[in-house]
Amino acid sequence: MRTTWLSLLLSAALAASLGHASAGETRARQILDRFEHANQWRDHVMVAAHRAGGMQAGKTLYPENSIAAVEASIAMGAEIVEVDIRRSKDGQFVVMHDSWLDRTTNCKGEVVKRTLAELKTCRLVIEGTGAFTGETVSTLREMLMATRDRILINLDDKLDTESLAGMVAVARDLGMAEQVIVKENLWDAERIATVAAAMDAIDGGFQFMPIIADDAVHDAMFAEKVSRAFPVRAIELINWRAGAETLTETGGPLFSPRMRALAVRGDWHIWADTYAIVNKPGGFLAGGRGDELAVAASLPRETYGFWVERGATIIQTDEPKAAIDWLAANGFRVPYAGPAEPANTASIN
């Protein structure tokens, strides 16, 4: 009997110590655990802040692709920030969506025609108001240092597949390659082979996410081929919307029961996009069910709820706070160890 009780006490002590160690993990490590083990966390929907976040209730509060936006996204509980990468005239990786500086800074001209020193004189502006901020164009290294151990970062390569090796090298130098997600579009066997060769050359240690869009791929089983070629943790799926189309009722051929079955069998996440594209119809990547429907039309269930019902466990959005609030209010967020997530203020719609 004494032996039994001693065994129980030791087991309890071990469990307590493991729980304490878990609680002491960095936020990024906890997020990475959920990213890498989709089947264990299908009751939790992660949120990726598009262009680092910065928008709330249809208004831009922080410049896109800014460290200020990253800080806001971390504070509200987002798991991933997505940023765009270009190169300066002198070969440095910088964070910028457009090839031109005109829209997002107080400078003019092409990014690639300016040295890093010149780009550092360009101040980021808040789109919509045009207000200058004190923040300048960030280098990839600076952005990675801002996110390290706090949140995962998705690099949207605006250059070419060969440039990904250099981006991952910067992350490796900072000891955070596993916290970086890179992605490429895939549409046929030849493209899979090309991208697989590029990923093999980088030699692992980072997260690779395929993108599949239903303008080119109409069979969910294509994801099976993709998952055999790559160590998949998530696949970004796109349901294109033409201007005159009504809201999708099914999610299209990719957001199907078969795709959900493949995701469960492969233990990977379905990633959906609800963010807006400039000069394109609302919900252009989401069959009309984008952030405009959720926020401007006050129909978050018809947006975030719709994609969750079709298996999405990661949603990339321009409105991370709106998405997190609705998901939390409706039971799709599981708290992390450590400091509590921000209080939920959303109503259930």
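Would you take a moment to explain the overall build of the protein for this structure?
Of the regular secondary structure elements, the protein holds twelve helices and 13 strands. Residue burial in the protein is summarised as follows: out of 349 residues, 52% are buried. A separation threshold of at least 6 residues defines the contact pool for the protein, and within that pool the share at least 24 residues apart is 67%. Looking at the protein as shown, the accessible area adds up to about 15300 Å², and 56% of this sits on carbon and sulfur atoms.

Honestly, the pattern of salt bridges in this entry has me stumped. Any pointers?
Side chains that differ in charge, positive against negative, can pair when their charged atoms come close. Under the counting rule described, the total for this entry stands at 21 salt bridges. R265 is the salt-bridge partner of E224, the closest N and O atoms lying 3.1 Å from each other. You can see E224 sitting in helix 8 (residues 222-229) and its partner R265 sitting in helix 9 (residues 257-266), a full 41 residues away along the chain. Note that D325 is salt-bridged to K321, the shortest N-O span being 2.7 Å. Taken together, the positions of D325 and K321, both in helix 12 (residues 320-329) and four residues apart, correspond to about one turn of that helix. One network of salt bridges, with partners in common, ties together R51, E64, D98, R103 and E127.

Where do I start with the state of the cysteines in this structure?
Disulfide: a covalent bond connecting the sulfur atoms of a pair of cysteines. Within the structure shown, the criterion is met by one disulfide. Linked covalently through their sulfurs, C107 and C122 form a disulfide whose S-S length is 2.2 Å. Its S-S torsion of approximately -105° makes the covalent link between C107 and C122 left-handed. Residue C107 is located in the loop between strand 5 (93-95) and helix 4 (116-119), and its partner C122 is located in the loop between helix 4 and strand 6 (123-126); the two are separated by 15 residues in the primary sequence. For C122, a relative accessible area of 0% puts it in the buried group.

I keep staring at the side chain of R333 and nothing clicks. Help me out?
For R333, the position within the fold is in the segment after helix 12. Polar contacts involving the side chain of R333 include one to the main-chain carbonyl oxygen of G77, which spans 2.9 Å. Side chain to side chain, R333 and E79 meet in a polar contact 2.9 Å long.

Mind showing me how you'd approach the nonpolar core here?
Across soluble globular proteins, you tend to see nonpolar side chains buried next to one another. Judged by nonpolar contacts, the single largest core of 69 residues is most densely connected at M199 and F230. No other element matches the six residues that helix 7 (residues 189-202) contributes to this core. Aside from chain neighbours lying at most four places away, what touches M199 is T161, L164, V182, G204, F206, F208 and F230.

Hey, could you run me through the confidence of the model for the protein in this one?
Any residue range with low pLDDT should be treated as having predicted coordinates unsuitable for detailed reading. Across the protein, pLDDT averages 90, with 90% of residues at or above 70. Long-range and interchain partners of residues 1-21, a stretch whose pLDDT sits below 50, account for zero contacts in this model, where long-range means more than four residues apart. Residue range residues 340-349 is modelled with pLDDT below 50. Its contacts to residues more than four positions away, or to other chains, number 23 contacts.

Which parts of the structure should I look at to understand unusual backbone geometry?
Excluding glycine, residues mostly have negative phi values, and the peptide bonds linking residues are mostly trans. We note that R51 has phi near 50°; this positive angle belongs to a residue other than glycine. On the secondary structure map, R51 appears in the loop between strand 1 (46-49) and strand 2 (55-56).

How do you make sense of the packing of aromatic side chains when you look at a structure like this?
Throughout the structure, instances matching the rule amount to five aromatic pairs. Ring centres of F208 and F230 lie 4.7 Å apart, and the angle between their planes is 40°; this geometry places the pair in the tilted category. In this pair, F208 is assigned in strand 10 (residues 207-213) and F230 in the loop between helix 8 and strand 11 (234-238), connecting sequence segments 22 residues apart. The same class applies to F208 and to F230, which are both buried. Measuring from centroid to centroid gives 6.0 Å for W326 and F332, while their planes differ by 20°, and the two rings are stacked.

Hey, could you run me through the pairing of strand 4 (residues 80-87) in this one?
Taken across its eight residues, strand 4 has seven buried, putting it largely inside the fold. Two elements, strand 1 and strand 4, share two bridges in a ladder whose sense is parallel. Bridge assignment links A49 to a residue of strand 4, and that residue is V81. Pairing of strand 4 with strand 8 (residues 152-157), which is carried by six bridges, proceeds in the parallel orientation. Bridge pairing in strand 8 links D84 to D156. Where strand 4 and strand 5 come together, three bridges link them in antiparallel fashion.

Could you clarify how one ought to interpret the side chain of S138 in this entry?
Within the secondary structure, S138 sits in the loop between strand 7 (131-136) and helix 5 (140-147). In this structure, S138 is in contact with I67, V94, V95, K120 and M143, ignoring residues within four places of it in sequence.

Can you help me understand the packing of helix 3 (residues 67-76) against helix 5 in this one?
Helix-helix packing is described using two parameters, namely the angle between the two axes and the distance between the axes. At a minimum axis separation of 10 Å, helix 3 and helix 5 run at an interaxial angle of 20°. Accordingly, the angle class assigned to the pair helix 3 and helix 5 is roughly parallel. The interaxial crossing formed by helix 3 with helix 5 has right-handed handedness. For the pair helix 3 and helix 5, contact is made by I67, V70 and I74 and by E142, M143, A146 and T147, respectively. The residue inventory of the contact of helix 3 with helix 5, partitioned by class, reads five nonpolar, one polar and one charged.

Parameters and conventions
- Residues numbered from 1 in each chain as written.
- Predicted model: local features only at pLDDT ≥ 70, side-chain atom pairs only at ≥ 80, totals over all residues.
- Heavy atoms only, no water.
- Helix = DSSP H or I, 4+ residues; strand = E, 2+ residues; numbered from the N terminus.
- Buried < 20%, exposed > 50% of the residue type's maximum accessible area, 1.4 Å probe, protein only.
- Contact = heavy atoms within 4.5 Å.
- Areas by Shrake-Rupley, 256 points an atom, 1.4 Å probe, with all protein chains shown as cover.
- Salt bridge = Lys/Arg side-chain N within 4 Å of Asp/Glu carboxyl O.
- Disulfide = S-S within 2.5 Å.
- Polar contact = N/O pair within 3.5 Å; in protein donor to acceptor, adjacent residues only side chain to side chain.
- Core = buried A, V, L, I, M, F, W, Y, C linked by side-chain atoms within 4.5 Å.
- pLDDT = per-residue confidence, 0-100.
- Phe/Tyr/Trp six-rings, centres within 6.5 Å; stacked < 30°, edge-to-face > 60°.
- Pairing = 2+ DSSP bridges.
- Axes fitted to C-alpha atoms, helices over the stretch in contact; angles between N-to-C directions.
- Parallel < 35°, antiparallel > 145°, perpendicular 65-115°, else oblique.
- Left-handed = near helix turned anticlockwise from the far one by under 90°.
- Nonpolar A, V, L, I, M, F, W, Y, C, P; charged D, E, K, R; others polar.

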